[in-house]
Amino acid sequence: MGSLSTAVDLEQVAYFLVTGASRGIGATMAIETARKFKPGSVVVLLARSASGLESTRSTIQSVNPHITVITSSVDLASASKELLNEILDKSLAGRTATESPFRLAFIIHNVGTIGNVTRKAIDLDERTSWEEYFGTNVFNVAVLNSCFLRKFESAPRKLVVNITSKACLSPFPSMTYYCAGKAAREMYFRVLADEEAGTNLTVLNYSPGPVDTEMTVEIQGQSHSAGIREYFQGLRDTTTILTTEQTTAKFLHVIQTGTYKSGDHVDYYDE
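Conventions used here
- Residues numbered from 1 in each chain as written.
- Predicted model: local features only at pLDDT ≥ 70, side-chain atom pairs only at ≥ 80, totals over all residues.
- Heavy atoms only, no water.
- Helix = DSSP H or I, 4+ residues; strand = E, 2+ residues; numbered from the N terminus.
- Rg over C-alpha atoms; globule rule 2.2 N^0.38 Å.
- Buried < 20%, exposed > 50% of the residue type's maximum accessible area, 1.4 Å probe, protein only.
- Contact = heavy atoms within 4.5 Å.
- Areas by Shrake-Rupley, 256 points an atom, 1.4 Å probe, with all protein chains shown as cover.
- Core = buried A, V, L, I, M, F, W, Y, C linked by side-chain atoms within 4.5 Å.
- Pairing = 2+ DSSP bridges.
- Axes fitted to C-alpha atoms, helices over the stretch in contact; angles between N-to-C directions.
- Parallel < 35°, antiparallel > 145°, perpendicular 65-115°, else oblique.
- Left-handed = near helix turned anticlockwise from the far one by under 90°.
- Nonpolar A, V, L, I, M, F, W, Y, C, P; charged D, E, K, R; others polar.
- Right-handed = clockwise from strand over helix to strand, strands pointing away.
- Phe/Tyr/Trp six-rings, centres within 6.5 Å; stacked < 30°, edge-to-face > 60°.
- Expected span 1.5 Å × (residues − 1).

### Some words on the overall build of the protein chain
Here's step 1: A tally of helices and strands in the protein chain yields eight helices and seven strands.
Here's step 2: In terms of C-alpha radius of gyration, the protein chain reaches 18 Å, essentially the compact-globule figure of 18 Å for 271 residues.
Here's step 3: For the protein chain, the spread of C-alpha atoms along the principal axes amounts to about 55 × 40 × 40 Å.
Here's step 4: Residues counted as buried form 50% of the 271 residues belonging to the protein chain.
Here's step 5: Residue pairs at least 24 apart in sequence account for 80% of intrachain contacts in the protein chain once pairs closer than 6 positions are excluded.
Here's step 6: Here the protein chain displays about 12400 Å² of accessible surface, and carbon together with sulfur accounts for 51% of that area.

Here is the structure:
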């Protein structure tokens, strides 16, 4: 089959799932993307914070009252395949995906933690810490993705977005867990894109740039690297750090214009 355009029309009936949707980039992406969907669409928001999810849900319902928004407070570090499938089944309200009206099945893997930034790579010798970090940021991302794509195998169009980072390409002192996790995660999605090339599945690795979130505040406050602390302080002092609204606007432009090929790493600052 020839390569299909990666441009996606959001103004249709969609099934849309976002992880890490209780705050920050995930919440803004969920709200601004869901704003465009047609009546009959279903939006599913996953995160640990029930109160954060409720805030995102209520904002989405206010900007688009004709869609269904479902929240599920879940710890993706330990969620089983069975639990993830149960969440998907419940959101379909007893229908199978083949019986549903969805023209687009769309998932944003935004969930992400920074890991311990107070220690150097040479000191990260606890296997359980590595397993917990990769459980949240890599293992269950892949498991949820498989569950989602199996459930929506018959959807006319599928879009999978991995929220990635420049840290998957370049080493950042103190951010060992984060760099290693982002690199492994992005390669999984690149292999997926390669294997599914020419099908109705599009994969985007979107790097949102340095954004003013709780995560970057944590890095700035706790990193053992003076250079990293000064970098984020400098972004805030010069107000060049991005807002979640800025990076979401770029993200929506990228997916709607399709100026990338499936599997690409697209950064906020790319032309």
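### Description of the nonpolar core
Here's step 1: Among the nonpolar cores identified, the biggest contains 36 residues, and F106 and F251 are the most heavily contacted of them.
Here's step 2: Contributing elements (two or more residues each) for this core: β1 (14-19), α1 (24-34), β2 (42-47), α2 (50-63), β4 (104-109), β5 (157-163), β6 (201-207) and α8 (244-257).
Here's step 3: At five residues, the largest contribution of residues to this core is made by α1.
Here's step 4: For F106, the residues in contact, after removing those within four places along its chain, are L10, Y15, F16, L17, T33, F37, F148, L159, V161, F251 and I255.

### Remarks on unusual backbone geometry
Here's step 1: Positive phi is not limited to glycine here, since S174 has a value of about 80 degrees.
Here's step 2: Its location among the elements puts S174 in the loop between β5 and α5 (176-195).
Here's step 3: With relative accessibility at 3%, the residue S174 sits in the buried group.
Here's step 4: A positive phi angle is found at T239, which is not glycine, with a value near 50 degrees.
Here's step 5: Within the secondary structure, T239 sits in the loop between α7 (226-237) and α8.
Here's step 6: A relative accessible area of 67% places T239 in the exposed class.

### With respect to the pairing of β5
Here's step 1: Judged by how many residues are buried, β5 sits mostly within the fold: seven of seven residues are covered.
Here's step 2: Of the two faces of β5, the one lined by R157, L159, V161 and I163 and the one lined by K158, V160 and N162 are each fully buried.
Here's step 3: Alignment of β4 against β5, held across six bridges, turns out to be parallel. Within β5, the residue paired with F106 across the bridge is L159.

### Observations regarding the packing of α1 against α8
Here's step 1: Packing of α1 against α8 brings their axes to within 9 Å, and their N-to-C directions diverge by 50 degrees. Between α1 and α8, the angle is such that the two are oblique. Between α1 and α8 lies a crossing whose hand is right-handed. Between α1 and α8, the residues in contact are G24, I25, T28, M29, E32 and T33 and T244, E245, T247, T248, F251 and L252, respectively.
Here's step 2: Taken together, the residues that form the contact of α1 with α8 break down as four nonpolar, six polar and two charged.

### A word on the pairing of β4
Here's step 1: Most of β4 is tucked away: six of the six residues are buried.
Here's step 2: What you see with β4 is no split at all: L104, F106 and I108 on one side and A105, I107 and H109 on the other are buried throughout.
Here's step 3: Bridge count for β1 against β4 is five bridges, and the pairing is parallel. Note on β4: the bridge partner recorded for Y15 is A105.
Here's step 4: Running through helix α4 (residues 127-151), the crossover from β4 to the neighbouring parallel element β5 is right-handed.

### So, the packing of aromatic side chains
Here's step 1: Enumeration according to the criterion identifies 16 aromatic pairs in this entry.
Here's step 2: Where Y15 meets F102, the ring centres are 5.5 Å apart and the plane angle is 70 degrees; that geometry is what we call edge-to-face. In this pair, Y15 sits in strand β1 while F102 sits in the loop between α3 (81-91) and β4, placing the two residues 87 residues apart along the sequence.
Here's step 3: Classification of Y15 as buried rests on a relative accessible area of 0%.

### Section: α5
Here's step 1: Taking 1.5 Å of rise per residue, 20 residues should cover 28 Å, and α5 covers 29 Å from first to last C-alpha, within 8% of that figure.
Here's step 2: Those residues of α5 lying buried are Y177, Y178, C179, G181, K182, R185, E186, F189, L192 and A193.
Here's step 3: As for α5, its buried residues are in contact with β4, α4, β5, β6, α6 (214-222) and β7 (265-267).

### Some thoughts on the environment of G258
Here's step 1: Mapped onto the secondary structure, G258 falls in the loop between α8 and β7.
Here's step 2: G258 gets classed as buried once you look at its relative accessible area, which sits at 18%.
Here's step 3: Considered as a pair, G258 and T6 are 252 residues apart in the sequence and their alpha carbons are 4.5 Å apart.
Here's step 4: The residues contacting G258, other than those within four sequence positions of it, are T6 and A7.

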